[in-house]
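Summary of structural features
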Protein chains: 2
Amino acid sequence: MATIPSHNLLLPKPINHQSAHSLSFKPHSTLLNFTARSSPAIATKAMSTTDAASTSSRLEPLESFGITAAEDVRRRDREAKESKSLRDTWRKIQGEDDWAGLMDPMDPVLRSELIRYGEMAQACYDAFDFDPFSRYCGSCRFTRHKLFDSLGIFDSGYEVARYLYATSNINLPNFFSKSRWSKVWSKNANWMGYVAVSDDSEATRRRLGRRDIAIAWRGTVTQLEWIADLKDFLKPVSGNGFRCRDPAVKAESGFLDLYTDKDTSCNFSKFSAREQLLTEVKRLVERYGDDEEDDLSITVTGHSLGGALAVLSAYDVAEMGLNRTKRGKVVPVTVFTYGAPRVGNIRFKERMEELGVKVLRVVNKHDVVPKSPGLFLNEHAPHALKQLAGGLPWCYSHVGEKLALDHQNSPFLKPSIDLSTAHNLEALLHLLDGYHGKGQRFVLSSGRDPALVNKASDFLKDHFMVPPYWRQDANKGMVRHTDGRWIQPDRIRAEDHHAPDIHHLLSQLHHPS
Amino acid sequence: MATIPSHNLLLPKPINHQSAHSLSFKPHSTLLNFTARSSPAIATKAMSTTDAASTSSRLEPLESFGITAAEDVRRRDREAKESKSLRDTWRKIQGEDDWAGLMDPMDPVLRSELIRYGEMAQACYDAFDFDPFSRYCGSCRFTRHKLFDSLGIFDSGYEVARYLYATSNINLPNFFSKSRWSKVWSKNANWMGYVAVSDDSEATRRRLGRRDIAIAWRGTVTQLEWIADLKDFLKPVSGNGFRCRDPAVKAESGFLDLYTDKDTSCNFSKFSAREQLLTEVKRLVERYGDDEEDDLSITVTGHSLGGALAVLSAYDVAEMGLNRTKRGKVVPVTVFTYGAPRVGNIRFKERMEELGVKVLRVVNKHDVVPKSPGLFLNEHAPHALKQLAGGLPWCYSHVGEKLALDHQNSPFLKPSIDLSTAHNLEALLHLLDGYHGKGQRFVLSSGRDPALVNKASDFLKDHFMVPPYWRQDANKGMVRHTDGRWIQPDRIRAEDHHAPDIHHLLSQLHHPS
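Summarised in this report is the structure supplied together with it. (Residues numbered from 1 in each chain as written. Chains lettered and ligands numbered in written order. Predicted model: local features only at pLDDT ≥ 70, side-chain atom pairs only at ≥ 80, totals over all residues. Heavy atoms only, no water.)

**Structural notes on the overall build of chain A**
Selection rule: Secondary structure counts use DSSP, requiring at least four H or I residues in a row for a helix and at least two E residues in a row for a strand, with both numbered from the N terminus. When a residue's accessible area, from a 1.4 Å probe over protein chains only, is under 20% of the maximum for its type it is buried; when over 50% it is exposed; and in between it is partly exposed. Here a residue-residue contact requires only that any non-hydrogen atoms of the pair lie within 4.5 Å. All accessible-area figures derive from a Shrake-Rupley calculation using a 1.4 Å probe, and residue coverage is judged against the displayed protein chains alone.
Scanning chain A from terminus to terminus reveals 15 helices and 11 strands. When burial is assessed residue by residue, chain A has 61% of its 513 residues classed as buried. In chain A, once contacts between residues fewer than 6 apart in sequence are set aside, the share between residues at least 24 apart is 73%. Put simply, chain A shows about 19,800 Å² of open surface, and 52% of that area lies on carbon and sulfur atoms.

**Focus on unusual backbone geometry**
With an omega of 0 degrees, the peptide bond running from Asp104 of chain A to Pro105 of chain A counts as cis. Take Pro105 of chain A: it is sitting in the loop between helix H3 (69–93) and helix H4 (108–126). The phi angle at Trp99 of chain B is positive, at roughly 60 degrees, despite the residue not being glycine. Summarising the element assignment, Trp99 of chain B is placed in the loop between helix H3 (69–93) and helix H4 (108–126). The exposure class assigned to Trp99 of chain B is buried, which follows from its relative accessible area of 2%.

**Some words on the environment of His497 of chain A**
In this fold, His497 of chain A is placed in the loop between strand S11 (486–487) and helix H15 (502–510). A relative accessible area of 7% means that His497 of chain A is categorised as buried.

**Focus on the side chain of Glu319 of chain B**
Residue and element names in this part refer to chain B. Definition in use: In the analysis that follows, any N or O atom pair within 3.5 Å is treated as a polar contact, provided that within protein one partner can donate a hydrogen and the other can accept it, and provided that, for residues neighboring in sequence, both atoms belong to side chains.
Examined against the element boundaries, Glu319 turns out to sit in helix H10 (residues 305–319). Within polar-contact distance, the side chain of Glu319 engages the side chain of Arg351 at 2.6 Å. Apart from residues lying up to four places away in sequence, Glu319 is in contact with Arg243, Cys244, Arg351 and Leu355.

**A word on the sheet that holds strand S3 (residues 211–217) of chain B**
All names here are of chain B. As a reminder, the rule being used: When DSSP finds two or more bridges between two strands, those strands count as paired. Simply put, an axis is a line fit to the C-alpha atoms, just over the touching stretch for a helix, and the angle between two N-to-C directions goes from 0 to 180 degrees.
Spatially, 7 strands are ordered S1-S2-S3-S6-S7-S8-S9 in an open sheet, and the strand pairing comes out mixed. If you trace the sheet from one side to the other, it starts and ends with strand S1 (158–167) and strand S9 (401–405), each paired once. Taken pair by pair, the neighbouring strands of this sheet meet at an average axis angle of 15 degrees, ignoring direction. Each of S1, strand S2 (189–198), S3, strand S6 (296–303), strand S7 (333–338), strand S8 (358–364) and S9 touches H4; the most contacted strand, S6, lies at about 60 degrees to it.

**Observations regarding the pattern of salt bridges**
All names here are of chain B. Basically, it comes down to this: By definition, a salt bridge exists where a carboxyl oxygen of Asp or Glu is found within 4 Å of a side-chain nitrogen of Lys or Arg.
For the structure shown, the criterion picks out 72 salt bridges over all chains. Note that Asp501 is salt-bridged to Arg283, the shortest N-O span being 3.2 Å. Placement of Asp501 in the loop between strand S11 (486–487) and helix H15 (502–510) and of Arg283 in helix H9 (residues 273–288) is noted, with a sequence separation of 218 residues between them. Given the relative accessible area of 23%, Arg283 is considered partly exposed. For Lys414, the salt bridge identified is with Asp462, shortest N-O distance 3.7 Å. Placement of the pair is Lys414 in the loop between S9 and helix H13 (419–422) and Asp462 in the loop between helix H14 (425–434) and strand S10 (479–480), with a sequence separation of 48 residues.

**Regarding the nonpolar core**
A general trend in soluble globular proteins is that nonpolar side chains are found buried together. Residue and element names in this part refer to chain A. To be explicit about the condition: In these notes, a set of buried Ala, Val, Leu, Ile, Met, Phe, Trp, Tyr and Cys residues joined through side-chain atoms within 4.5 Å is what counts as a nonpolar core.
In terms of nonpolar packing, the biggest core is built from 70 residues, with Leu114, Leu147, Tyr194, Tyr338 and Leu403 touching the most fellow members. With 10 residues, H4 is the single largest residue contributor to this core. When sequence neighbours within four positions are dropped, the list of residues in contact with Tyr194 reads Met120, Ala123, Cys124, Leu147, Phe148, Val160, Arg162, Tyr163, Leu164, Ala214, Ile215 and Ala216.

**Digging into the packing of helix H10 (residues 305–319) of chain A against helix H11 (residues 346–355) of chain A**
Residues and elements named next belong to chain A. What counts is decided by this rule: Comment on the angle field: the value is read as roughly parallel under 35 degrees, roughly antiparallel over 145, roughly perpendicular from 65 to 115, and oblique elsewhere. Crossings are assigned a handedness: left-handed for a near helix turned anticlockwise from the far helix by less than a right angle, right-handed for a clockwise turn. Residue polarity follows a fixed list, in which Ala, Val, Leu, Ile, Met, Phe, Trp, Tyr, Cys and Pro are nonpolar, Asp, Glu, Lys and Arg are charged, and the others, Gly among them, are polar.
Their axes nearest at 10 Å, the elements H10 and H11 cross at an angle of 50 degrees. Classified by the angle between their axes, H10 and H11 sit oblique to one another. For the pair H10 and H11, the crossing hand works out as left-handed. On H11, the residues that touch Val311, Leu312, Tyr315, Ala318 and Glu319 of H10 are Phe348, Arg351, Met352 and Leu355. Residue composition of the contact of H10 with H11, by class: 7 nonpolar, no polar and 2 charged.

**Points about the sheet that holds strand S6 (residues 296–303) of chain A**
Residues and elements named next belong to chain A. Judged by pairing direction, the sheet is mixed, and its 7 strands sit side by side in the order S1-S2-S3-S6-S7-S8-S9 without closing on themselves. Both outer strands of the open sheet, strand S1 (158–167) and strand S9 (401–405), are each paired with one neighbouring strand and no more. Each strand of the sheet is rotated relative to its neighbour by a mean of 15 degrees, with strand direction disregarded. Pairing analysis gives 7 bridges linking strand S3 (residues 211–217) to S6, with the strands arranged parallel. Counterpart to Ile215 in the pairing with S6 is Val300.

**What about the environment of Asp294 of chain A?**
Residue and element names in this part refer to chain A. Its place among the elements puts Asp294 in the loop between helix H9 (273–288) and S6. Between the C-alpha atom of Asp294 and that of Arg144, which follows or precedes it by 150 residues, the distance is 25 Å. In this view, Asp294 contacts Arg205, Arg211 and Tyr288; residues no more than four positions away in its chain are not counted. Only 2.7 Å separates the side chain of Asp294 from the side chain of Arg205, close enough to count as a polar contact.

**Some points on the packing of aromatic side chains**
Spelled out, the test is: Centres within 6.5 Å make a pair out of two Phe, Tyr or Trp rings, where for Trp the six-membered ring is used; the pair is then stacked when the planes are under 30 degrees apart, edge-to-face when over 60, and tilted otherwise. Two conditions define a charge sitting above a ring: the NZ of Lys or the CZ of Arg must be within 6 Å of the ring centre, and it must be within 35 degrees of the ring normal.
Under the counting rule described, the total for this entry stands at 25 aromatic pairs over all chains. Here Trp470 of chain A and Trp486 of chain B contribute two aromatic rings whose centre-to-centre distance is 4.6 Å and whose plane-to-plane angle is 40 degrees, an arrangement assigned as tilted. Here Trp470 of chain A is found in the loop between helix H14 (425–434) and strand S10 (479–480), whereas its partner Trp486 of chain B is found in strand S11 on a different chain. A relative accessible area of 1% places Trp470 of chain A in the buried class. In this structure Trp486 of chain B comes out as buried when scored by relative accessible area, which is 16%. Ring centres of Phe412 of chain B and Phe464 of chain B lie 5.0 Å apart, and the angle between their planes is 25 degrees; this geometry places the pair in the stacked category. Taken together, the residues span a long stretch of sequence, with Phe412 of chain B in the loop between S9 and H13 and Phe464 of chain B in the loop between H14 and S10 at a distance of 52 residues. As far as burial versus exposure is concerned, Phe412 of chain B and Phe464 of chain B are alike and both buried. An aromatic cluster is defined as three or more aromatic residues linked by ring pairs; in this entry it consists of Trp217, Phe242, Tyr259, Tyr315 and Phe348 of chain A. Above the ring of Tyr117 of chain B, the side-chain terminus of Arg116 of chain B is found at 4.5 Å from the ring centroid.

Shape descriptors only; they carry no functional weight alone.
Written out as structure tokens, the structure is:
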């Protein structure tokens, strides 16, 4: 077993009540130890023991991966406890006390919730059709009813209520994907994310401890030119239709435009992303907000530019008062962002605090995106300078609490610092999985597969033998028809990409009773 | 229907007895006319008519592709006639009369046979694992019993008898694929092709009119540096163990080495490709050569460097007398090459002619590979110069007959001339499909899908809307295990990668009784 990298031998260090159960994760090369060696004789033997047609079902027993049967049982126990924990503590996990005392040492429930909402943001990438040679480039690859199942997330406990689209007539370089072809599903829209709501099942209700509306926004994966191209220009949110009487509350104009622009000639973006979101949240809060049995929460999540949209839209929901039920209950609004840039000015931040919107920002400290815009003038500037610059249109401020991770602490990742890998969402989720607090050793706390890091990056160290950028469709989505022709199959689009009563809901938003 | 490119309206021109039945092929954009328009309203309607989960089964009827029911019936009739034709004329199709009168106008049976054997060569690319991040890089992705089925060729009528491997310790730049990982199926071998034999079914026997041993050699797809790096050095074949007493019979030393080298430390290449091939051909000829009911043929096929190996190995089989049965019957040996370079000198060519090996070379006239090696001194040089240079080690000569095609005649392909696209095998098969003779209009003669051209190229004109380089595995072959981990599944290797009696057969080859 000399070939197993030494960090696999790191035993979990008892840091808090859950790390004693932490699993040590053996890398993929371990698998190879059992199945293919360079010695031809052994290779032959090993290679003939399995059948290519049934490969996915045949694997080394879990024991070989450091997960013994006993451990597995204990893990299930622990998960049950954590789940109970979430039920009892979800208001704290959602930031009621601004996550005081939950991040150092890292609370295991908060960690798993940050991973869970991060995976909801990741779903926006995994489901997005980036291929410029696809007729459906810029859309979601799956129908909303099958989104989680299609991504292999069978136990999400959520149903997607609405897809969100934005017009791509916005000057954000490399953000939108456009098909090379002329005849496409939409010339002017891009899929931007979704609104989901936790389901009625007893298991979900017990696990979450409440009903949850989750909103996920798609961001950017690798091409980060939009960061450099941000206009670095704050403008009053009231100018874009926000219900805010204070013209000193300002946000980055590019984000505002992306959120509020529409294209009346396009079926998918004839309503702005903002209108699509607010009407859906209004409907769901009206439906579930005064439920006798379950409280309600609103959680907005997003990575990168999607994180900026998460902040902006959560602010909007609260400013519109949509988180107040008919009977006057206040639904907590929480934002989890991952590698997100700054969105607004100091007054914007203060206004979000007044409204009680809680924001937790997860960042890799080597990522430059969270340092943008406002690299030179931001919340860290001296007080006197901020006072002076407060009225200037380029003094940005982050909102909420920060959880800073460092990819150089993970023995799985290449230590080099590269703009796009340091910004990678899957890598952040992996870092969360191994994080136990400041200065604590990196130990994976779940069976979450480090191979996911290489889904759209080359970030894993080579000796784990995981192909880089491995997420791809078979034959770029081409399938062979029975007559032998290869075709790009038609893809269903939700017929109800806008609610039938959206006009009614919109008019209620504009003229609240 | 204004959007259908004008060449779809080309009606087949009656060139010979079969072109009257030629099918006009509508491009993929036609399909799109029925399914997705840029008008949002129509797009919505069209997009909701199918289900993503069952997409491959839903298509426009064949009628929309210019294949009416009546035509379809006539096509089947014609195919039946052609099949009868092959049964009666296979010796001519295999080159008994050096294809005199069969190429201009193009004989439909010869055309479909050239496509069929070309597809056997193409199978070597489609099945090869090129991915340097795969543990099985350099091997065949499928077991030999499932090769054709795995590639969707369900009615091949052939069974693969043997896979062929070569050692990669040969200086041929970019020809061999090596894994980036250290623990792999074999460090020193690459899969090179296969030996197949037509099956016992009545349908196959009636179709082919004989038993056929087909040998296919893998070549190179895009990276053509090996052409420039060929040592341009002819050496006597006798030096590499060929049974040839005339030292004036010479072949390119790189091809000779690839065919005859071995690596005793590697289970897959401890016998040379030559030894693997000759023993298998010997076994099959002994088994089928004196069959009372069916005659036997040997057909060797290959593209590019695989074409060079096809010529060399066919020569070797004949020179070894393996095409003579115990009772003294001579089994015809035929070579079909596609975009193949020159292999040997003029004496080599003459020796192949003496042995009666028939070679038909299909080339795209814009491809430089068939002009190599020997760009300056070859069979086209003035007679006196050839006389003078005959003894020099760099005077090369092609063998056999040439069928020259021109991709600029196909309205489906981009007319630009690019080294690797002009050399593409799928493009050659497409050109064959539309070829009816010199100066004749390009009309596809079968339902063979032009989309195949873009499998590993960007050669199709953009308005056909077929993604370039679309052949790829889902998630680079990674699959998700039930425990959530993503793994590269084990791949079965044939246990019998060498015949158990190969030593016995080899000794018979060396000491024929």
